[in-house]
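# Commentary on secondary and tertiary structure
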Amino acid sequence: MYFWKMFFLEKVAERRLFELKIVKNTLDISHFEILLKINKFNQKKEFKLNLKYYLDVILPLPLQMNFTYEISKDEAYFIKTGMRVAVPFGKSKIYTGIAFAMHHKAPTAYETKEIHQILDEKPIVTQNQIELWHWISEYYMCTEGEVMKASLPSAFLLQSETKIVKNSDFKDEMKLTDQEFLIFEALQFHEMLDIEKVSDILSRKTVLPIIKSLIEKKAVLIHEVLYEKYIPKFTKYLQLHEKWQDEALWISLLDSLKGSKQKEMLLQYFKEKSVTGKPIAYTSFVKQHKISPAVVKAMLEKKIFEIYDLQEDRIKAVHSEKGLPNLNPVQIQKFDEIKTELKQHQVVLLHGVTGGGKTEIYMHLIQEQLEQGNQVLYLVPEIALTTQLLARLQRVFGEQTTVFHSRYNQNEKVEVWNAILQNKPNARLIVGARSAVLLPFQNLKLIIIDEEHETSYKQFEPAPRYHARDTAIVLGNQKKAKIVLGTATPAIETYYNVSIKKFGLVTLTERFGNVEMPEIELINLQTAQKKKEMNGHFTQQLIDSIQAALDNKEQVILFQNRRGYAPVVECTTCGVSPQCPNCDVSLTYHKGKNELRCHYCNFVSEMPKECPACGNPTLSTIGFGTEQLEDELKELFPNHVVGRMDFDTTRGKDAYYNIIAAFQAQEMDLLVGTQMLSKGLDFSNVSLVGVINADALFNFPEFRAHERSFQMLVQVSGRAGRSGKRGKVLIQTFNPNHPVLQWVQELNYQKLFENQLIERNLYKYPPYYRIIKISLKHKNFITVTEASEWLGQSMRNYFKENVLGPSNHPIGRIRGLFIKDILLKIPPEQSVHQTKKTLSKIKNHFQSISQYRSVRFLVDVDAY
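A brief report on the enclosed structure follows. (Residues numbered from 1 in each chain as written. Predicted model: local features only at pLDDT ≥ 70, side-chain atom pairs only at ≥ 80, totals over all residues. Heavy atoms only, no water.)

## Quick word on the overall build of the chain
A count of helices and strands for the chain gives 28 helices and 36 strands. Every one of the 864 residues in the chain was classed for burial, and the buried ones make up 51%. In the chain, of all internal contacts separated by at least 6 residues, the share reaching a separation of at least 24 is 75%. For the chain, the computed accessible surface area is about 42000 Å², with 51% contributed by carbon and sulfur atoms. The chain carries 111 positive and 98 negative side-chain charges, and their two centres are separated by 3 Å. (Helix = DSSP H or I, 4+ residues; strand = E, 2+ residues; numbered from the N terminus. Buried < 20%, exposed > 50% of the residue type's maximum accessible area, 1.4 Å probe, protein only. Contact = heavy atoms within 4.5 Å. Areas by Shrake-Rupley, 256 points an atom, 1.4 Å probe, with all protein chains shown as cover. Lys, Arg positive; Asp, Glu negative; His and termini not counted. Charge placed at Lys NZ, Arg CZ, Asp CG, Glu CD.)

## Description of the pattern of salt bridges
A complete count under the given rule lists 23 salt bridges for this structure. Among the ionic pairs, Arg-392 bridges to Glu-360, the shortest N-O distance being 2.9 Å. One end of the pair, Arg-392, is in helix α15 (residues 383-397); the other, Glu-360, is in helix α14 (residues 358-371), with 32 residues separating them in the sequence. For the salt bridge of Asp-470 with Arg-469, the shortest nitrogen-to-oxygen distance reads 3.1 Å. Bridged by salt links that share partners, the residues Glu-493, Arg-704, Glu-707 and Arg-760 form one connected network. (Salt bridge = Lys/Arg side-chain N within 4 Å of Asp/Glu carboxyl O.)

## A short note on the packing of aromatic side chains
For the structure on display, the rule yields 27 aromatic pairs. Here the aromatic rings of Tyr-362 and Tyr-378 are separated by 5.7 Å at their centres, their planes lie at 85 degrees, and the arrangement is edge-to-face. With a gap of 16 residues between them, Tyr-362 in helix α14 and Tyr-378 in strand β14 (residues 375-379) connect regions that are remote in the sequence. Each member of the pair, Tyr-362 as well as Tyr-378, carries the same accessibility label: buried. For the ring pair Tyr-495 and Phe-753, a centre distance of 4.9 Å and an interplane angle of 80 degrees mean the geometry is edge-to-face. Placement of Tyr-495 in helix α18 (residues 492-499) and of Phe-753 in helix α26 (residues 749-763) is noted, with a sequence separation of 258 residues between them. Judged by its relative accessible area of 4%, Phe-753 falls in the buried class. Across from the ring centre of Tyr-139, 3.6 Å away, lies the NZ or CZ of Lys-836, which sits over that ring. (Phe/Tyr/Trp six-rings, centres within 6.5 Å; stacked < 30°, edge-to-face > 60°. Lys NZ or Arg CZ within 6 Å of the ring centre and 35° of its normal.)

## Observations concerning the sheet that holds strand β34 (residues 803-814)
Ordered by their spatial adjacency, four strands build an open sheet running β34-β35-β33-β36, and the pairing between neighbours is antiparallel. Across the chains shown, the open sheet's two edge strands, defined by having one partner strand only, are β34 and β36 (856-861). Recorded for the sheet is a direction-independent mean angle of 25 degrees between the axes of neighbouring strands. In the sheet, strand β33 (residues 770-778) pairs with β36 via six bridges, with the strands oriented antiparallel. Along β36, the bridge assignment pairs Ile-772 with Val-861. Relative to the sheet, helix α28 (residues 832-848) contacts β33, β35 (817-826) and β36, its axis offset from that of β33 by approximately 10 degrees. (Pairing = 2+ DSSP bridges. Axes fitted to C-alpha atoms, helices over the stretch in contact; angles between N-to-C directions.)

## Some points on the pairing of strand β16 (residues 429-432)
Of the two faces of β16, the one carrying Leu-429 and Val-431 and the one carrying Ile-430 and Gly-432 are both buried. In the sheet, β14 pairs with β16 via four bridges, with the strands oriented parallel. Paired with Val-376 across the strands is Leu-429, a residue of β16. Two elements, strand β15 (residues 401-404) and β16, share four bridges in a ladder whose sense is parallel. Within β16, the position partnered with Thr-401 by the bridge is Leu-429. As a crossover connection, the stretch from β15 through helix α16 (residues 410-421) into β16 is right-handed. (Right-handed = clockwise from strand over helix to strand, strands pointing away.)

## Structural notes on helix α10 (residues 260-276)
In a regular helix each residue adds 1.5 Å, so 17 residues correspond to 24 Å; α10 covers 24 Å between its end C-alpha atoms and thus fits that length. Along α10, the residues classified as buried are Gln-262, Met-265, Leu-266, Tyr-269 and Phe-270. When α10 is viewed along its axis, its buried side chains cluster within an angular range of 135 degrees and face the same direction. Exposed side chains of α10 directed beyond 90 degrees from the buried face belong to Ser-260, Lys-261, Lys-271, Ser-274 and Val-275. Gly-277 occupies a position one or two residues after α10 and carries a positive phi of about 70 degrees. (Expected span 1.5 Å × (residues − 1). Arc of directions from axis to C-beta.)

## Brief notes about the packing of helix α27 (residues 781-799) against α28
Interhelical geometry of α27 versus α28 gives an angle of 145 degrees and a closest axis separation of 11 Å. As α27 runs across α28, the sense of the crossing is right-handed. Contacts between α27 and α28 pair Ala-787, Trp-790, Leu-791, Ser-794, Met-795, Tyr-798 and Phe-799 from the former with Thr-835, Thr-838, Leu-839, Ile-842, His-845 and Phe-846 from the latter. Residue composition of the contact of α27 with α28, grouped by class: nine nonpolar, four polar and no charged. (Left-handed = near helix turned anticlockwise from the far one by under 90°. Nonpolar A, V, L, I, M, F, W, Y, C, P; charged D, E, K, R; others polar.)

## Some remarks on the sheet that holds strand β25 (residues 588-590)
Across the sheet, which stays open at both edges, the three strands sit in the order β25-β26-β27 with antiparallel pairing between neighbours. Strand pairing shows two members of the sheet lacking a second neighbour, β25 and β27 (604-606), which therefore form its edges. Averaged over all neighbouring strand pairs, the angle between strand axes comes to 30 degrees, with direction disregarded. Alignment of strand β26 (residues 595-597) against β27, held across three bridges, turns out to be antiparallel. Bridge pairing in β27 places Glu-595 opposite Glu-606.

## Focus: unusual backbone geometry
Between Ala-463 and the following residue, Pro-464, the backbone shows a cis peptide bond with an omega angle of 5 degrees. For Pro-464, the position within the fold is in the loop between β17 (444-450) and α17 (468-479). For the bond running from Gly-805 to Pro-806, omega is 10 degrees, close enough to zero to count as cis. By secondary structure assignment, the location of Pro-806 is in strand β34. Notably, Lys-501 is not glycine yet its phi reads approximately 65 degrees, a positive angle. Looking at where Lys-501 falls in the secondary structure, it is placed in the loop between α18 and β19 (504-508). For Lys-501, a relative accessible area of 64% corresponds to the exposed category.

## Comments concerning the pairing of β33
In terms of residue burial, β33 counts as a mostly covered element, since eight of its nine residues are buried. For β33 and β35, the ladder comprises nine bridges, and the chain directions are antiparallel. Across the sheet, residue Arg-770 finds its bridge partner in β35, namely Ile-826.

## A few points about the state of the cysteines
This model, assessed by the stated rule, comprises zero disulfides. In this model Cys-580 remains outside any disulfide bridge; the closest cysteine sulfur is found in Cys-601, 3.5 Å from its own. (Disulfide = S-S within 2.5 Å.)

## Here's the deal with α17
With 12 residues, α17 extends 16 Å between its outermost C-alpha atoms, agreeing within 8% with the 16 Å of an ideal straight helix rising 1.5 Å per residue. Across the 12 residues of α17, nine count as buried, placing the element largely inside the fold. Looking at α17, one finds that the buried residues are Ala-468, Arg-469, Thr-471, Ala-472, Ile-473, Val-474, Leu-475, Gly-476 and Lys-479. Among the structural elements, α4 (127-139), β13 (347-352), β14, β17, β18 (482-487) and α18 are those in contact with the buried residues of α17. Immediately beyond the C-terminal end of α17, within one or two residues, lies Lys-480, with a positive phi of roughly 55 degrees.

## Looking at the environment of Glu-146
Position of Glu-146 relative to the elements: it lies in helix α5 (residues 144-151). In this structure Glu-146 comes out as partly exposed when scored by relative accessible area, which is 23%. Once the C-alpha coordinates of Glu-146 and Trp-133 are considered, the two residues, 13 residues apart in sequence, prove to be 9.2 Å apart. What Glu-146 contacts, discounting residues up to four positions off in sequence, is Leu-61, Pro-62, Ala-463 and Pro-464.

Take it as geometry only, folks, not as evidence of what the structure does.
Now the structure itself:
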């Protein structure tokens, strides 16, 4: 605390002297003299009014309003918007907050506290970020604290640990119980104790009641200790001692060494230094040359070598291997069209077929910005896409490229954050998933949103439930940056904005290299079953096509949007199916681990050998997932390597990369997977894509089902035949006459768009009406039912027929909480801002009712 006081006083002095236009020589004027000059200045200006200074702080908590703290005038001069401050909140906790606004107005609802500590010399959050946080909190009806928590790497939020210290004024030890005395006695020998240490001393887990009693008796005091979570990475390096830096002394140094091993170590050092010219990492040098610890110790004691530490980035820069790819005539035309459209519109949609070469066009747009020293944000929907795309971008842009996504650990996230904040040369092109839109950009001038239609851009849990595409457009407005949306299957809302001339449009209809679009064929599963042309879940036509592709040394992708081995396990005797105890769903069977797992709460139990209800060993599986398909493929094609890509196989940090790299290197012949396979991956040797069961996609109970099934089927079809030979897509279905499948077969997005506009206008859905979904959750079914009825009626009093529900959630209970949904439709002529304001008032009234206070109230703007 003393260090920071002195530090910011010095900074205050420097800033005040600058304002006073005092030219100082720091060697001639002491800090005391500086502060004297400041005090004289203060007496002449506003400080003589004896005004108090207050600081509004954003806390990482779901608070409707920011809290205000009292600060000194010197702190007021030092603190800038965006700096971190540690502040007390509640009875004893210390939280890391962000300085937001400074003023002289004291809050009337509570007595202000002083800040605990200033944590930064410079802001770590920009003014634009705070403005974006405010927009997200208002638009998506959440709090700024929730946005802050989602934005900042958790390593920036210092950890507060509760410890107890002895109260030196306490003398009456006879009042203490035996266990309390043990703790009090331990504090005679320890300055402070944490909860875990207290638990060890008493040999029991529940110690909070004992600590509470000690506090009430005033025997101990609570003390909050802050811990910095971010840990810089240091690497040990080896160098000659300073007295041997002169090369003229090296020969005499070698002659002075009697031990051959010591002399060999020195010679190896000279050799490596002359070859690389770079600092020599100690660990790798010793390991490579097999130098024993005794030799190293002797050389250090003789002061021939010394070891020093250097801080290093965890994210290693990759040097570019080749220049910008050349564009073909069609790509050049589209590149010029995009630049023309960007002069008239801030947002331009590049509607290009799969395999059309959109990425190469993006690269040329990126290059223009990087040459001007600007930052570029390249958003992708999945981490899986980030892995493959990053390799392509790094080959061209090298060390200017960095990546940010949720699989990074907190230390890595902090380093990327700081590099972007400081606009370092290695953070000019930022590739990332949804959360990358919340980074502290300094000079952002271009945002590319690849596969803009993807639902992965929408955050569902927890708040803020923002959409990265829409947030990126607002960010672009703030930064005066241009936005390019790219996809083969645009979101209906995006294409609607094109149709009303709000967005620009550039259409790319040809595949790169004049490769034909894949041939799409529908296979009737009813007919195949009647003719007994099924082998497991594969029709004979699909099996023959797979075999033909494999015979030609080509690869095959098979798509089934359900993971696990089987979604249901059922007893054929009594019909009982194992259910999740926390959710209203059947447990999914995972054969690899021989377990039953809930995909909503991750409850796990061992696969029983007998039915838990009747005791008979007659358990069988119903339905199938990717794991079962993998087993069937291994049986059908035993001489070929089968891989699987789903949530279960991509849990590790590098799991995506390993699977994609293996398939790209043709170490796998067949790859079966879920919707991850549909998102822009590029495999040159894939000639066949098979969809095992398309019907589950468009039979989902929501208004976007047809749009999303079309997008997913077209996207997964686009993985076939991306270089040279025309690809083939086989879609197995029980309803080949379904209009969505017909549009997919024709690759006719326009028909889907026209159909969806008619339906959505008729039934009042986006893009004509906006949607807000309210979900109520509670462990008691009756409570949540009554609460939802009250809320539904209150909303109808204001919004009339535009309220749907309450209705049961598709999964009635998740993680032990029953769920009720209410849908609010906002007509185009109705003020969205006023609607949200009214809804907030209803929410406040709802939460003021005592019996409903325990009901969780979740708001999802632009739901689905």
